[in-house]
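Spelled out, the chains give:
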Amino acid sequence: MHAPLTDPATILARPLTLAGLALRNRLVMAPMTREAAPDGVPTAEMAAYYARRAEGGAGLLITEGAAPNEEGRFGRDVPRLYGTDALKGWERVVAGVHAQGAAIVAQVWHVGAFTPSLVGMTDTLEVTRLGPSGLAGPGRALGRAMTGAEIARTIADYAKAARAAREAGFDGIEIHAAHGYLPDQFFHAATNRRADGYGGTLAQRARFAAELVMACKEKAGADFPVILRISQWKQLDYAARVAESPEELASWLAPLVAAGTDAFHVSTRRFWDPAFPGNETSLAAFVRRLSNRPVIAVGSLLMDIDFKAARGKQHAALAPATLGWAAEGIERGEFDLIASGRGHLANADLAARILSGGAATLAAYDRRHLERLT
C-alpha cells in the first residue's frame, strides 16, 4: 500500500451506479448474522436496526443471510427469504432503509453441508444437511451428497428467493458463495469430489454458482442486480484457497461473469493483504481486473485485528490508517466500494462520521455489540 491519502472522505463520498442502482457513496454495511428473527421472521427491532444504519449514512446495506429453503437455514432464529410472514417482515425492513435514502440488498445464504455445531453452537434445526459431496471440510463428512434433482430444486429455491426479494422491495440480492457454505463447497476441491458436470476443474466446480446467478436473473428479471460474495478462507479453514494463482482465479471467475454476475463482494480477513505470493495485489484488485465487474472489498476496515485473529475476536481498536488505504484502492480502480461489519455494529452512524472527517471519534468494536440489536 502507498501512504494513505490526506482526505479519504472525498473519495468515499463519491456516488456510484452499480448495475443500474444509484448509490450515494462508497460505504457499505456488510452482512452480519444476528439471529434475532424468531422462526425466521424479521421483527420491528430488526427494521429499526437497519434503518439506523441507513440514517447513519451508509450508501448500501447488505442484510444478514436469509435462507432460500429449510435445509439451507443456519438456525431457527436466522431469517428466511420465503414464507408470507417472513416476507412481510422484510418489507418493513426495506421501507425503513429506503426512507433514509440508502439502498439495500438481501443476502441469500444456504449453509449446505454445515451445521452450527461445527463452530461450537447448538443446531436448532432437525434437517438433513446437503452439500456437493457431504463434506463440511477436508475429510469432515456431514449430511450427504446432493442428487441431481436436489441440485435443480435448490437452484429453483434460490430463484424463488430472488423473486421474493424483488417483490419485497429489495434493490437486489447477494448470493453468499463464500466462507465454506453451499456454493463455496462446490468451488472448493476439498469439499467437491463430484464426478458429474458439477465437479472436476475449477471452472466446472463454478457451474453450480453460475446456474444460481442465471436462475435468479431469469426469475427476478435481468435488471435486478445479483452480487456474488466469494472468499478463499473458510469457517473451518482460514488458510484454505480455491485458487492458487491469478490464472486459476481467472478460470474461476469466467463462468460467473458469463452467467451475468453484476458485482463481486470479495471477503478477505484484511482487505489490503496480497492475494498470491510474489505479488502485492489484493484479491479484490485481482477480481476487479480479471472480471471487469464492480467489486466490494471487505475485511478489517478501521480495525486493528481481523475477525478471525488468533488472539480472539472480543475487541478491536480503531485503525484509522485503513480508511486511507480503502480510499486509495478506490481511487486506483482496485475496487469500487468498501464494506464494514464490526464498525457498523459499534457505530450506527459510521458512514456519516467518516464522511464528515470524524473517523477518530468512532467507538471501538467490542463483542458485546453482538449481544443485542442497537
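Quantities reported herein were computed from a predicted structural model and do not represent experimental measurements.

Caption draft 1: Broad picture of the packing of aromatic side chains. The tally for this structure, following the rule as stated, stands at 14 aromatic pairs. Measuring from centroid to centroid gives 6.5 Å for Phe-74 and Phe-114, while their planes differ by 25°, and the two rings are stacked. With a gap of 40 residues between them, Phe-74 in the loop between β4 (60-66) and α3 (84-99) and Phe-114 in the loop between β5 (103-108) and β6 (130-131) connect regions that are remote in the sequence. Across this residue pair, the class does not change: Phe-74 and Phe-114 are buried. Taken together, the ring pairs in this structure connect Phe-74, Trp-109, Phe-114 and Tyr-181 into an aromatic cluster. For Arg-342, the ring lying beneath its charged end belongs to Tyr-365, and the centroid distance is 5.9 Å.

Caption draft 2: Inspection of the sheet that holds strand β3 (residues 27-29) at higher detail. Ordered by their spatial adjacency, 8 strands build a closed barrel running β3-β4-β5-β10-β11-β12-β13-β15, and the pairing between neighbours is parallel. Adjacent strand axes in the sheet meet at a mean angle of 25° when their direction is disregarded. Relative to strand β15 (residues 337-340), strand β13 (residues 295-298) is paired through 3 bridges, and the arrangement is parallel. Note on β15: the bridge partner recorded for Ile-296 is Leu-337. Relative to β4, helix α2 (residues 44-55) is tilted by about 150°, and along the sheet it contacts β3 and β4.

Caption draft 3: View of the confidence of the model for the protein. Per-residue confidence for the protein gives a mean pLDDT of 94; residues scoring 70 or more make up 96%. Averaged pLDDT values for the elements of the protein fall to 70 in strand β14 (residues 315-316) and rise to 99 in strand β10 (residues 173-176).

Caption draft 4: How the structure looks around helix α10 (residues 321-331). Of all the 11 residues making up α10, 8 are buried; the element is thus mostly covered by neighbouring parts of the structure. Turning to α10, its buried residues are Thr-322, Leu-323, Gly-324, Ala-326, Ala-327, Glu-328, Gly-329 and Ile-330. At its buried positions, α10 is contacted by α1 (8-12), β15 and α12 (350-355).

Caption draft 5: Local environment of helix α7 (residues 207-220). The terminal C-alpha atoms of α7 lie 20 Å apart, and with 14 residues this matches the ideal 20 Å at 1.5 Å per residue to within 8%. Of all 14 residues in α7, 10 are buried; the element is thus mostly enclosed. Along α7, the residues that are buried comprise Phe-208, Ala-209, Ala-210, Glu-211, Leu-212, Val-213, Ala-215, Cys-216, Lys-217 and Ala-220. Contact partners of the buried residues in α7: α4 (148-167), β10, α5 (182-187), α6 (202-205), β11 (226-231) and α8 (246-258).

Caption draft 6: Region of the structure containing the pattern of salt bridges. Tallying each qualifying case throughout the model produces 21 salt bridges. Between Asp-39 and Arg-76 there is a salt bridge, with its nearest N and O atoms 3.6 Å apart. Highlighted residues: Asp-39 in the loop between β3 and α2 and Arg-76 in the loop between β4 and α3, separated in sequence by 37 residues. Assessed through its relative accessible area of 34%, Arg-76 is described here as partly exposed. Of the charged contacts in the structure, one is a salt bridge between Asp-273 and Arg-270, with a shortest N-O distance of 2.6 Å.

Caption draft 7: Region of the structure containing the packing of α2 against α3. Relative orientation of the contacting elements α2 and α3 amounts to 25°, with a least axis distance of 8 Å. If you check the angle between α2 and α3, you find them roughly parallel. Note that α2 runs across α3; the crossing there is right-handed. The residues of α3 that touch α2, namely those facing Ala-44, Met-46, Ala-47, Tyr-50, Ala-51 and Ala-54, are Trp-90, Arg-92, Val-93, Gly-96 and Val-97. Tallied by class, residues from the contact of α2 with α3 come to 9 nonpolar, 1 polar and 1 charged.

Caption draft 8: Fine view of the side chain of Arg-34. Tracing the sequence through the fold places Arg-34 in the loop between β3 and α2. Despite its burial, Arg-34 pairs with no opposite charge; the closest candidate is Glu-64, at 6.5 Å N-O. A polar atom in the side chain of Arg-34 sits 3.3 Å from the side chain of Tyr-49. Apart from residues no more than four positions distant in its own chain, Arg-34 is found in contact with Tyr-49, Glu-64, Leu-345, His-369, Leu-370, Glu-371, Arg-372 and Leu-373.

Caption draft 9: The pairing of β5, seen in detail. β5 sits mainly inside the fold: 6 of its 6 residues count as buried. Burial along β5 is two-sided: Ala-103, Val-105 and Gln-107 and Ile-104, Ala-106 and Val-108, pointing in opposite directions, are all buried. Here 5 bridges tie β4 to β5, and the two strands are oriented parallel to one another. Counterpart to Gly-65 in the pairing with β5 is Gln-107. Once you follow β4 into α3 and on to β5, the crossover reads as right-handed. Relative to β10, β5 runs parallel, the two being bridged by 3 bridges. When the bridges of β10 are listed, Ala-106 appears paired with Ile-173.

Caption draft 10: Main features of the side chain of His-179. Looking at the element boundaries, His-179 is found in the loop between β10 and α5. Residue class for His-179 comes out buried when judged on its relative accessible area of 6%. Not counting residues within four places of it along the chain, the set of residues in contact with His-179 comprises Asp-184, Arg-229, Ser-231, Trp-233, Lys-234, Gln-235 and Ser-267.

Definitions and limits used
Residues numbered from 1 in each chain as written. Predicted model: local features only at pLDDT ≥ 70, side-chain atom pairs only at ≥ 80, totals over all residues. Heavy atoms only, no water. Phe/Tyr/Trp six-rings, centres within 6.5 Å; stacked < 30°, edge-to-face > 60°. Helix = DSSP H or I, 4+ residues; strand = E, 2+ residues; numbered from the N terminus. Buried < 20%, exposed > 50% of the residue type's maximum accessible area, 1.4 Å probe, protein only. Lys NZ or Arg CZ within 6 Å of the ring centre and 35° of its normal. Pairing = 2+ DSSP bridges. Axes fitted to C-alpha atoms, helices over the stretch in contact; angles between N-to-C directions. Contact = heavy atoms within 4.5 Å. pLDDT = per-residue confidence, 0-100. Expected span 1.5 Å × (residues − 1). Salt bridge = Lys/Arg side-chain N within 4 Å of Asp/Glu carboxyl O. Parallel < 35°, antiparallel > 145°, perpendicular 65-115°, else oblique. Left-handed = near helix turned anticlockwise from the far one by under 90°. Nonpolar A, V, L, I, M, F, W, Y, C, P; charged D, E, K, R; others polar. Lys, Arg positive; Asp, Glu negative; His and termini not counted. Polar contact = N/O pair within 3.5 Å; in protein donor to acceptor, adjacent residues only side chain to side chain. Right-handed = clockwise from strand over helix to strand, strands pointing away.

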